Each structure stands twice: as C-alpha cells, then as structure tokens.
Amino acid sequence: MKISVIVCAAGRGERAGMGRNKLLAPFNGANALYYTLEAVRRFSVGLKGEDGVSDVIVTSSPEDFEEIEALCKPYGYKTVLGGATRSQSVANALKEVEGEIVLIQDGARPYTTTGQYAACVECVKQYGSAVTAMPATDTTVIEKDGYVNHIPARNAVYRVQTPQGFYTQEIKRAYALAANDGGIYTDDGAVYSRYISPARICPCGTESNKKLTYKEDFVSPAKVILTDGNKVGYGVDTHAFGKQQNFVTLCGVKIPCDTGLIAHSDGDVALHAVMDAILSAAGLKDIGHYFPDSDPAFKNADSAKLLATVIGEVQKKGLRVSGLSIAIQAEKPRLAAHIDEMIKNLSALTGAAADDISVTAGTCEGLGFVGEGRGICAYCTAVLTQLR
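The rules behind the values
Residues numbered from 1 in each chain as written. Predicted model: local features only at pLDDT ≥ 70, side-chain atom pairs only at ≥ 80, totals over all residues. Heavy atoms only, no water. Patch = residues over 30% accessible without salt bridge, like charges linked within 9 Å, V, L, I, M, F, W, Y side chains within 5 Å. Areas by Shrake-Rupley, 256 points an atom, 1.4 Å probe, with all protein chains shown as cover. Salt bridge = Lys/Arg side-chain N within 4 Å of Asp/Glu carboxyl O. Helix = DSSP H or I, 4+ residues; strand = E, 2+ residues; numbered from the N terminus. Buried < 20%, exposed > 50% of the residue type's maximum accessible area, 1.4 Å probe, protein only. Pairing = 2+ DSSP bridges. Right-handed = clockwise from strand over helix to strand, strands pointing away. Core = buried A, V, L, I, M, F, W, Y, C linked by side-chain atoms within 4.5 Å. Phe/Tyr/Trp six-rings, centres within 6.5 Å; stacked < 30°, edge-to-face > 60°. Axes fitted to C-alpha atoms, helices over the stretch in contact; angles between N-to-C directions. Parallel < 35°, antiparallel > 145°, perpendicular 65-115°, else oblique. Left-handed = near helix turned anticlockwise from the far one by under 90°. Contact = heavy atoms within 4.5 Å. Nonpolar A, V, L, I, M, F, W, Y, C, P; charged D, E, K, R; others polar. pLDDT = per-residue confidence, 0-100.

### Observations regarding a nonpolar patch on the surface
Now for step 1: A surface patch of nonpolar side chains, amounting to about 270 Å² of accessible area, comprises Val141, Val148 and Ile151.
Now for step 2: Structurally, the position occupied by isoleucine 151 is in the loop between strand 9 (147-150) and strand 10 (158-167).

Structure (structure tokens):
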C-alpha cells in the first residue's frame, strides 16, 4: 500500500516570537524543519513489505518558499504553497497526494519516531483513521467566564499530536466539505470526525513528540555574567544553500562558492551569530527583534551595517566588545585562506583587538545538515566589558 506524507510548514510560528518562521530558525545545528524531514526519511527507509512512501508534500508560505524548497530538494520532496490557515494548507497539499494512505505531520514536531509513523499506518489499515495521542497526566478543566465549568474524567482526556493518518480519498472528501463551512480546525482529526466518522485514537503519543511552540522550546542563546564584571553571550545561526549566486559572505568577506545562502539579508551566517552573541551578552533581544525578515527594509541588507546598529545598542548600555570566538562549520567553500581577512574585518566592525578574535572553520565529516552540504552553521561566543 502506497503512503503519502504531508508536512505542514507554511505557518509563521508567531508564538515563538522569532520574527520569522520558527521552523527555519537555528535549532541544534540546523533547523527544526530539517529534523522533521529527516524523521520522515527514516520512516520511508524503514518500511518493509508492500508498503512504501510514494511522495512527500511540504507546505510553505510564499516568503519561505525558496528556502523550504532548497531544504526539500535533496530528499526529492515536493514543496507547495500553503494557505492562510493550517486547514487551507493541508487542502492544497492533498491535491498533490498520490498514496492510498496519507499521514499529516506538523513540521514543528522534529522528534516523531519511525515507530509512531508506522503505528499510524497500521491504525488506519485497521480502523480507517489514526490520531496520534497520549493520555493526559494533568487534570483538565473546561472554563466558562473565567470559572471552572466542567472537569472531564482524566482517563477520558488525551493530548493530540501528529502524525495523523487517513485513507486519502476520505480525508480529501472531508476537507472539500469543510472548505466553506467557516469552521476553525486545529487538526485533521477534527475535520475527519465532523464529516466522515469519529477519528480513531492511536495511543502512540509521547512526551518527547512535543511540538516546538514557544521560544524556550528551541535552543536559545545563553547569557552568563562572570564575577569579574565581564558579560558573555552565545549566538548561533544557520542558513541553507540554494541562492542563485557564485559566492557566500562570511564575516563581511565574499568567498567564491557554487551557490549562495538563502536569507532575507545577505546571508552572512557568521555575522548573524556574532550579533546574537553580542546582544545576548548585553541582555538585549535577538536580531529577529531588531531586523525582522518581515520588514522589506532589510531585504538583501548588508549584515556589516546591521552589526554597526548592534554595536550602537550595546554602547548605549555602557558596554563594548572585547573578545569574539567564532566557529564556522561548512563542507564548502574552503575557508582557511580567508580567515585572516575575516578577523581583520571583525576587528574593524566591532572595535575588538584582532588578537582577541578567533575564527575557526571545520566540516562535519559528512554528517547531518552541514555535513551533507546543505548549508553553513556558525557559532559565536562574545565577551563584553564596560566602556572606559
């Protein structure tokens, strides 16, 4: 039986407060969508017998389409435009589905296991539908006008997750009927339950299959205040290859490469990590707050000029940059010949002495997002001291 997978990635993730699609923000050396796509790939590879994944459809907003398409291309997955709501995005993706069974997955659930995907498929075969869920461990209440109105029996309450699986023709029919009903559906089981039949609970959900929703769910830059009065901050950024140009820009230095980095600004992933580290050390908000990718003013912006703004914000707090340590991970291009120029640039841009700036470069030995040549990741530790 052929299986299709839809990955929902067209949202903005506004509750995460990152100023961009949270699925494309730095996360564990890549981004959350990369790890979700990897989970789907592992499931596809692990299928045995007559079952097989025929196609994977990933939804995207227009503004993120280039970057998401670049992430999907190495897998052979198809990217389609989503809609204004999750339901509209799923309905658009369903038009492209080829399999007899379709699994619908939140892009923001990178921890889903192969076993959970497989359990959903078996549940669909046996019961016609599958909604990944886990029993609630907390008491839940129904509120009315600010007061507890009803307390459901805890053993009857489940927390719904994804993937959710259905026979393709049935979920297509459900979404077609729901298209103009004015309802707000937060998951696919609700649409299926309204128009086809009550969706079947697949009790394979786990705490680890969490949805990345708020900023604290992601790896955030850390700030430590040292006892000698110095302030230390940490920043990380990553960008995917795929831009049609013959260079990348790192620390303000243009370096020949067979493809560019996709970004709202010039894609200088190293300077972006530097800015986040400096802002973190100063106790300020991250670069997404100061330079949101939703603002056309920063389209193709020179990151060196953005760094000048960051330095100005730090100086308002009576601080200066006294040291930087940057580590860049990239399979391409080779960076060793450009490191001295990067350090010289960073010294001029930040005011830190060149002797107090380190730039190192390495590969990931063919492993993961960077190792597979899909992008570049940069890490930075910044030390700030009081202005004298």
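That shown, we press on.
### Digging into the environment of glycine 368
Now for step 1: Along the chain, the position of glycine 368 falls in helix 11 (residues 368-371).
Now for step 2: Taking the C-alpha atoms as reference points, glycine 368 and alanine 190, 178 residues apart in sequence, are found 36 Å from one another.

### Structural notes on the pairing of strand 4 (residues 52-60)
Now for step 1: Summarising burial for strand 4: seven of the nine residues are buried, a large majority.
Now for step 2: With six bridges connecting them, strand 1 (residues 2-8) and strand 4 associate as parallel partners. Across the sheet, serine 4 pairs through a bridge with aspartate 55, a residue of strand 4.
Now for step 3: Examined bridge by bridge, strand 4 and strand 5 (residues 78-81) share four bridges and lie parallel to one another. Residue pairing for strand 5: isoleucine 57 is matched across the bridge by lysine 78.
Now for step 4: For the crossover from strand 4 across helix 2 (residues 65-72) to strand 5, the handedness is right-handed.

### A short note on the nonpolar core
Now for step 1: Membership of the largest hydrophobic core comes to 48 residues, with the highest contact counts inside it found for Ile278, Leu324, Ile326, Ile328, Met342, Leu346 and Val359.
Now for step 2: When contributions to this core are tallied by element, the ones reaching two or more residues are strand 14 (247-250), strand 15 (253-256), helix 7 (269-281), helix 9 (303-316), strand 17 (319-329), helix 10 (339-350), strand 18 (357-362) and strand 19 (375-386).
Now for step 3: The element that contributes the greatest number of residues to this core is helix 7, accounting for ten residues.

### Here we look at the packing of aromatic side chains
Now for step 1: The final tally for this structure, using the stated rule, is nine aromatic pairs.
Now for step 2: On the numbers, 5.2 Å between centres and 75 degrees between planes, the contact of tyrosine 34 with phenylalanine 369 is edge-to-face. With tyrosine 34 in helix 1 (residues 32-46) and phenylalanine 369 in helix 11, this residue pair connects regions lying 335 residues apart in the sequence. Phenylalanine 369 matches tyrosine 34 in its accessibility class, with the two residues each being buried.

### As for the packing of helix 3 (residues 86-94) against helix 5 (residues 168-178)
Now for step 1: Their axes nearest at 10 Å, the elements helix 3 and helix 5 cross at an angle of 135 degrees. Our classification of the angle between helix 3 and helix 5 gives oblique. The hand of the helix 3/helix 5 crossing is left-handed. Within the contact between the two elements, helix 3 uses Arg86, Ser87, Val90, Ala91 and Leu94 and helix 5 uses Ile171, Lys172 and Tyr175.
Now for step 2: Taken together, the residues of the contact of helix 3 with helix 5 sort by class into five nonpolar, one polar and two charged.

### Concerning the sheet that holds strand 11 (residues 201-202)
By definition, the strands of a sheet pair up through backbone hydrogen bonds, in either a parallel or an antiparallel sense.
Now for step 1: As summarised here, the arrangement of the seven strands in space is 5-4-1-6-10-7-11, forming an open sheet in which the pairing is mixed. The open sheet has two edge strands, strand 5 and strand 11, and neither has a second partner.
Now for step 2: Helix 6 (residues 188-195) contacts strand 6 (101-106), strand 7 (129-135) and strand 10 of the sheet and is inclined by roughly 65 degrees relative to strand 10.

### Section: the confidence of the model for the protein
Now for step 1: Confidence in the prediction of the protein, expressed as mean pLDDT, is 91, and 97% of residues score 70 or more.
Now for step 2: Strand 6 holds the highest mean pLDDT among the elements of the protein, 98, whereas strand 12 (residues 223-225) holds the lowest, 42.
Now for step 3: Confidence over residues 220-227 falls short of pLDDT 50; this stretch has 17 contacts with residues more than four positions distant or in other chains.

### Some points on the environment of alanine 174
Now for step 1: For alanine 174, the position within the fold is in helix 5.
Now for step 2: Alanine 174 gets classed as buried once you look at its relative accessible area, which sits at 0%.
Now for step 3: With near-sequence residues (within four places) excluded, alanine 174 lies in contact with Val191, Tyr192, Tyr195 and Ile196.

### Some details on the side chain of glutamate 38
Now for step 1: Along the chain, glutamate 38 turns up in helix 1.
Now for step 2: Once you skip the residues sitting within four places of it in the chain, glutamate 38 turns out to touch Tyr75, Glu372 and Arg374.

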